[in-house]
Amino acid sequence: PWGSDGRYALHVYGGMRQKFGRQASLEASGGWREERKREDDELYRKLWHVELDWSTPLSGSQGLAVKSEFRNEVKTVPFSRALSTFTYSVQPGFSLSALLGYSTERVEEEPTHHAAGQVDLGIGGWGTLRLFGGSVPGGIVCAGGTCVYVPSAVNYRADVVARF
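These remarks concern the structure in this document. Fair warning: this is a prediction, and the values are worked out from it, not measured in the lab.

Attention now moves to the overall build of the protein chain. Tallying secondary structure elements over the protein chain gives zero helices and 11 strands in all. When the helices and strands of the protein chain are read in sequence order from the N terminus, they spell out β-β-β-β-β-β-β-β-β-β-β. Out of the 164 residues belonging to the protein chain, those deemed buried represent 25%. For the protein chain, the share of sequence-separated contacts (at least 6 apart) that also reach a separation of at least 24 residues comes to 35%.

Below, the structure written as structure tokens:
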């Protein structure tokens, strides 16, 4: 029912993690995915992606983390999307992040490059105040097995997360 070989989606994924000393770490991963239409086995979407995550302690309670992800995808037209996040943190309860990204998915409709900043402040051990400002690329965003379409926007946002 899903094509001549019975598949609808194939995703091959792999990664590695290397610790340096007691606290610094480097993680790298990547994968390839192909999805086909159920009716006629025509290629619906294919993509490859790579992720890199590096974190290291600085002096005392300070830390630095860099996370980058890149994906190249083919739907009706090929496009690329990338995002890098640079985070400085002081434990407990403070982090400052810069987000830099680009997308060529809808280059005629929206800016190609995106930049944003975020500050997280711990609230007495029970919550977090998050302040965000900047532009975010639109497109399909998937997390935890659920995908939603998010429009591109330039905005400012404040969130409070309470833990019980």
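What follows covers the packing of aromatic side chains. All told, the structure shown has one aromatic pair when counted by the stated rule. Ring plane angle 50° and centroid distance 5.2 Å describe the contact between tryptophan 48 and phenylalanine 70, whose orientation is recorded as tilted. With a gap of 22 residues between them, tryptophan 48 in strand β3 (residues 43-57) and phenylalanine 70 in strand β4 (residues 62-74) connect regions that are remote in the sequence. A residue is classified by how much of its surface remains accessible, and tryptophan 48, at 40% relative accessible area, is partly exposed.

Attention now goes to the pattern of salt bridges. Scanning the model with the defined rule gives four salt bridges in all. Arginine 71 is the salt-bridge partner of glutamate 73, the closest N and O atoms lying 2.6 Å from each other. On the basis of relative accessibility, which here comes to 2%, the residue glutamate 73 falls in the buried class.

Here we take up a nonpolar patch on the surface. Taken together, the side chains of Leu10, Val12, Trp32, Trp48 and Val50 make up a nonpolar region of the molecular surface, amounting to roughly 420 Å² of accessible area. Taken together, the elements giving at least two residues each to the nonpolar patch come down to β1 (9-20) and β3. Along the chain, tryptophan 32 turns up in strand β2 (residues 24-36).

The next subject is the pairing of β2. Strand direction decides the pairing type here: β1 and β2, joined by 12 bridges, are antiparallel. Each residue of the ladder has a partner; that of lysine 19, found in β2, is serine 25. Between β1 and β2, which pair antiparallel in sequence order, lie three residues; one of them, glycine 21, sits at a positive phi of approximately 70°.

So, on to unusual backbone geometry. Here the residue pair glutamine 91 and proline 92 is connected by a cis peptide bond, since its omega of 0° sits within 30 degrees of zero. Looking at the element boundaries, proline 92 is found in the loop between β5 (78-90) and β6 (94-103).

Parameters and conventions
Residues numbered from 1 in each chain as written. Predicted model: local features only at pLDDT ≥ 70, side-chain atom pairs only at ≥ 80, totals over all residues. Heavy atoms only, no water. Helix = DSSP H or I, 4+ residues; strand = E, 2+ residues; numbered from the N terminus. Buried < 20%, exposed > 50% of the residue type's maximum accessible area, 1.4 Å probe, protein only. Contact = heavy atoms within 4.5 Å. Phe/Tyr/Trp six-rings, centres within 6.5 Å; stacked < 30°, edge-to-face > 60°. Salt bridge = Lys/Arg side-chain N within 4 Å of Asp/Glu carboxyl O. Patch = residues over 30% accessible without salt bridge, like charges linked within 9 Å, V, L, I, M, F, W, Y side chains within 5 Å. Areas by Shrake-Rupley, 256 points an atom, 1.4 Å probe, with all protein chains shown as cover. Pairing = 2+ DSSP bridges.

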